[in-house]
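Observations on the three-dimensional arrangement
What follows is the residue order along each chain.
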Amino acid sequence: MKSVIPVPLPSNPYDVVVATDGIDHLGTWLKGGESPLVKPGQKLLLVSNPAIFKRYGDRALASLIQADYAVETCLLPAGERYKTPGSLQKIYDAALDFHLERKSAMVALGGGVVGDMTGFAAATWLRGVNVVQVPTSLLAMVDASIGGKTGVNHPRGKNLIGAFHQPRLVMIDPTVLKTLPVREFRAGMAEVIKYGVIWDRDLFETLEAAPRLDQYRYVGDELLHTILTRSCQAKADVVSQDEREAGLRAILNYGHTIGHAVESLMNYRGVNHGEAVAIGMVAVGKIATALDYWTAAEETRQLKLIEKAGLPTQIPAHLAAKDILSLLQGDKKVEDGQVRFVMPDGLGAAKVTGDITHEQIVAVLEN
């Protein structure tokens, strides 16, 4: 199966390709016929982590070398806690050692951490070189690899250091999800559910109709292809209307405001990004019901879908509401000192508001 989802940005259009065994054809897609995305003969820096590279590095390298690219590799430690300026320096060092040029490209082979760091390195190396995203986790496929958000974490907050830098191509190979750990597959489902809540009601109902969503083997190829294409289309629709989050794109942060605070307070251990987003969606869903943004029945439907995906629904008991609220004040989405939340506007729509009081937030966090 193969689908191509255009991201029609005015100055940086590109395609998201969902194709079985796509990694084996990465070089062909980069050559792009008469208008190559990166010209053959150019240097490519392939960035990955050891575990992913062990599984898929040889296939990616073979495809790129066969397409006449000169390729060097840079391997980074795996995990959100390594998404730091220190790890970023390793990419810069590799780019310098390899004499990467402005017409060269960086290729991110990995999950969201690799994709975010490689994208930011590409945005800042020589004031901007090409980047190609080859996501290997469900979460990266449906979210992190699309839209050009790149960055690293500050010790006191997630993704506070970053830039917008759109890829030239996003190559999604669903077959790599066969080796994705179950917990990571579930984490990606959090972002998929998010799209159903904020944008695509039909996707939400498709997920509701599925017998199970908690493991790759229970989803099946056809439903997985639908999940990937519908989620990527939702992200493309939003990003093409608002590339730099001046308005509409902020709805993609549904569940992330509280979720990022939970991740930070846990020091990026014990709770992964998708799990934190799921917790955040449940919390905001409760606020939305209390303020009549949607009905209690819709809140329950979201909760059941999150549970079906095997995701957590409770804030870790040892985290204090006051500490979460304190971190929320430093969130990127704060305006004039007011935390701005993405609220579901019924199923399939969302809006951003700064009218949620601290008391209302604390009441839900403490519940």
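Residues numbered from 1 in each chain as written. Predicted model: local features only at pLDDT ≥ 70, side-chain atom pairs only at ≥ 80, totals over all residues. Heavy atoms only, no water.

Along its length, the protein chain carries 14 helices and eleven strands. For the protein chain, the C-alpha radius of gyration of 20 Å lies close to 21 Å, the compact-globule estimate for 367 residues. With the principal axes as the frame, the protein chain shows a C-alpha extent of 60 × 40 × 35 Å. For the protein chain, the proportion of its 367 residues judged to be buried stands at 57%. In the structure as shown, the protein chain presents an accessible area of about 15000 Å², 50% of it carried by carbon and sulfur atoms. (Helix = DSSP H or I, 4+ residues; strand = E, 2+ residues; numbered from the N terminus. Rg over C-alpha atoms; globule rule 2.2 N^0.38 Å. Buried < 20%, exposed > 50% of the residue type's maximum accessible area, 1.4 Å probe, protein only. Areas by Shrake-Rupley, 256 points an atom, 1.4 Å probe, with all protein chains shown as cover.)

Okay, helix α10 (residues 256–265) next. Counting buried residues along α10, nine of its ten residues qualify, which places the element largely inside the surrounding structure. Listed as buried for α10 are His256, Thr257, Ile258, Gly259, His260, Ala261, Val262, Glu263 and Ser264. Of the surrounding secondary structure, the elements contacted by the buried residues of α10 are β8 (157–164), α6 (182–198), α11 (273–290), α13 (321–328), β10 (341–344) and α14 (358–366). The positive-phi residue at the C-terminal boundary of α10 is Asn267, with phi of around 55°. (Contact = heavy atoms within 4.5 Å.)

The next subject is the environment of His318. You can see His318 is positioned in the loop between α12 (296–308) and α13. When the C-alpha positions of His318 and Ile91 are compared, they lie 36 Å apart, and in sequence the two are 227 residues distant.

Let us look at the nonpolar core. Val16, Met189, Leu207, Leu328 and Phe341 are the most contacted members of the largest nonpolar core, which totals 101 residues. Counting residues per element, this core draws most heavily on α11, which supplies ten residues. For this core, the two domains that each supply at least three residues are domain 1 (2–179) and domain 2 (188–366). Those residues in contact with Met189 that lie beyond four places of it in its chain are Leu138, Leu207, Leu213, Ile227, Ala309 and Leu311. Counting 23 residues, the second-largest nonpolar core is a separate cluster that includes Leu45, Leu88, Ala108 and Ala122. (Core = buried A, V, L, I, M, F, W, Y, C linked by side-chain atoms within 4.5 Å. Domains from an automatic or database assignment.)

Within the structure shown, the criterion is met by 20 salt bridges. Asp143 serves as the salt-bridge partner of Lys235, at 3.3 Å between the closest nitrogen and oxygen. With Lys235 in helix α9 (residues 221–241) and Asp143 in helix α5 (residues 138–144), this residue pair connects regions lying 92 residues apart in the sequence. For the pair Lys235 and Asp143, one class covers both residues: buried. One salt-bridge network, in which partners are shared between bridges, spans Glu80, Lys83, Asp116, Lys158 and Glu263. (Salt bridge = Lys/Arg side-chain N within 4 Å of Asp/Glu carboxyl O.)

Okay, the environment of Phe204 next. Within the secondary structure, Phe204 is located in helix α7 (residues 201–209). The buried category is assigned to Phe204, whose relative accessible area is 0%. The spatial distance from the C-alpha of Phe204 to the C-alpha of Gln302 is 8.8 Å, given a sequence separation of 98 residues. Leave out the neighbours within four places in its chain, and Phe204 touches Gly196, Val197, Arg301, Gln302, Leu305 and Leu347.

Moving on: the UniProt feature "domain: 3-dehydroquinate synthase N-terminal" (unreviewed entry) in the protein chain. When the UniProt feature table is mapped to this numbering, "domain: 3-dehydroquinate synthase N-terminal" (unreviewed entry) covers residues 74–186. The straight-line gap between the two end C-alpha atoms of residues 74–186 is 28 Å; of that span, 34% is helix and 28% is strand. (UniProt positions renumbered as here; feature names shortened; annotations may be inferred.)

Attention now goes to unusual backbone geometry. A negative phi angle is the norm for most residues apart from glycine, just as the trans form is the norm for most peptide bonds. One non-glycine residue, His99, lies in positive phi territory at about 55°. Note on placement: His99 falls in the loop between α3 (85–97) and β5 (105–110). Located in the positive-phi region is Leu126, a residue other than glycine, with phi close to 55°.

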